[in-house]
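Below are the chains, spelled out letter by letter.
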Amino acid sequence: MAKSQAYYDLFLRNWYNRIATEVELDKAIAKGILDEADKIAIMATEQKPL
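K.L.:
Looking at this structure, I do not really get the side chain of Asn 14. What am I missing?
P.N.:
Structurally, Asn 14 can be placed in helix H1 (residues 5-16). Excluding residues that lie within four positions of it along the chain, Asn 14 makes contacts with Ile 19 and Ala 20.

K.L.:
How should the pattern of salt bridges be read in this particular structure?
P.N.:
Side-chain pairing between opposite charges can occur once the charged atoms of the two side chains come close. In the structure shown here, the tally under the stated rule is 2 salt bridges. Between Lys 39 and Glu 22 there is a salt bridge; the shortest N-O distance is 3.3 Å. Of this pair, Lys 39 sits in helix H3 (residues 36-43) while Glu 22 sits in helix H2 (residues 22-30); the two residues are 17 residues apart in sequence, bridging distant segments of the chain. Overall, the relative accessible area of 9% leaves Lys 39 in the buried class. According to the relative accessible area criterion, Glu 22 is partly exposed, its value standing at 39%. For Asp 26, the salt bridge is made with Lys 39, and the minimal N-O distance between the two is 2.6 Å. Highlighted residues: Asp 26 in helix H2 and Lys 39 in helix H3, separated in sequence by 13 residues. Within this structure, Glu 22, Asp 26 and Lys 39 form a network of salt bridges that share partners.

Parameters and conventions
Along each chain, the written sequence defines residue order, and numbers are assigned to residues from 1. Given that the model is predicted, a residue must reach a pLDDT of at least 70 before its local features are reported, and side-chain atom pairs must reach 80 or more before they are shown or counted; all residues, however, enter totals for whole chains, interfaces and linings. Think of the side-chain values as coming from all heavy atoms in the structure, minus any hydrogens and water. Strands here are runs of E lasting at least two residues and helices are runs of H or I lasting at least four, both read from the DSSP assignment and numbered beginning at the N terminus. The criterion used for residue contact is that any of the two residues' heavy atoms lie within 4.5 Å. We count a salt bridge whenever a side-chain nitrogen from Lys or Arg sits within 4 Å of a carboxyl oxygen from Asp or Glu. Burial here depends on accessible area, computed with a 1.4 Å probe over protein chains only, as a share of the maximum for the residue type. Under 20% is buried, over 50% is exposed, and the range in between is partly exposed.

Take it as geometry only, folks, not as evidence of what the structure does.
Rendered as structure tokens:
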């Protein structure tokens, strides 16, 4: 699970709003903010329609 629920919620919201990208999620994993399971769960969330 993410370092904190706040980080997870932030990335989830940004993913939904098309602000966060897969590259940014990978950077968060590299920094230890998220883990691979968080990335998978976030990317499984549908993004806001364009």
